[in-house]
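Read off the chains here:
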Amino acid sequence: MSVAAPLRPYVLLSFAIGALLLRPVVVRADDLPEGWSGKGQVGYVMSRGNSETDAANAKLDLYLLRRDWKHNLQLDGLFGRSSGITSAERWDARLQSNY
């Protein structure tokens, strides 16, 4: 019997609890308020030392609910630069309408 065998139930329990806490939250159109709603986030990292590194990201999710229609606009952006050279750049825009 290995030393890790007695800890196995606790590890499995920890993974099960973590999976329940990190499960995605599903939002239905019925749960959104009439009109505009949304969420957003912005991040920036700056590192200085032997090299200079900058990284930024942003995300915006907007919802418009009108009677039977639900419109969703998603904007994402990522930018990274290291020692004056752009090393990462991604821009994304999505629009979806549901009836």
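Details of the structure are given in the entry above.
Throughout what follows, the structure given in this document is the object of discussion. (Residues numbered from 1 in each chain as written. Predicted model: local features only at pLDDT ≥ 70, side-chain atom pairs only at ≥ 80, totals over all residues. Heavy atoms only, no water.)

**Details of the sheet that holds strand β1 (residues 35–47)**
By definition, the strands of a sheet pair up through backbone hydrogen bonds, in either a parallel or an antiparallel sense. Basically, it comes down to this: Between any two strands, pairing holds if DSSP finds at least two bridges. Going along the chain from the N terminus, every DSSP run of H or I of four or more residues is numbered as a helix, and every run of E of two or more is numbered as a strand. A fitted line through C-alpha atoms serves as each axis, taken over the contacting stretch for helices, and the angle formed by two N-to-C directions is quoted from 0 to 180°.
Read across the sheet, four strands follow the order β1-β2-β3-β4 without closing on themselves; strand pairing throughout is antiparallel. Looking at which strands have only one partner, the edges of the open sheet turn out to be β1 and β4 (85–98). Neighbour-to-neighbour, the strand axes of this sheet turn through a mean angle of 5°, independent of strand direction. As judged from the 14 bridges shared by strand β2 (residues 53–66) and strand β3 (residues 69–82), these two strands associate in the antiparallel manner. Bridged to Leu62 within β3 is Leu73.

**Looking at the pattern of salt bridges**
For the record, the criterion: In what follows, salt bridge is the name for a side-chain nitrogen of Lys or Arg lying within 4 Å of a carboxyl oxygen of Asp or Glu. Only protein chains enter the accessibility calculation, which uses a 1.4 Å probe; a residue whose area is less than 20% of its type maximum is buried, one above 50% is exposed, and one in between is partly exposed.
Following the criterion strictly, the structure yields three salt bridges and no others. The shortest N-O distance in the salt bridge between Asp54 and Arg48 comes to 3.3 Å. Residue class for Asp54 comes out buried when judged on its relative accessible area of 18%. Residue classification places Arg48 among the partly exposed positions, given a relative accessible area of 43%. In this structure, the salt-bridge partner of Arg94 is Asp92, at a minimum N-O distance of 2.6 Å. On the accessibility criterion, Arg94 (38% relative accessible area) is partly exposed. In this structure Asp92 comes out as partly exposed when scored by relative accessible area, which is 29%. Connected through salt bridges with shared partners, the residues Asp76, Asp92 and Arg94 form a single ionic network.

**Some points on the environment of Phe79**
Short version of the rule: Here a residue-residue contact requires only that any non-hydrogen atoms of the pair lie within 4.5 Å.
With respect to the element layout, Phe79 can be found in strand β3. The spatial distance from the C-alpha of Phe79 to the C-alpha of Ala55 is 5.6 Å, given a sequence separation of 24 residues. Among all residues touching Phe79, those that are not within four sequence positions of it are Asp54, Ala55, Ala56, Thr86, Ala88, Glu89 and Trp91.

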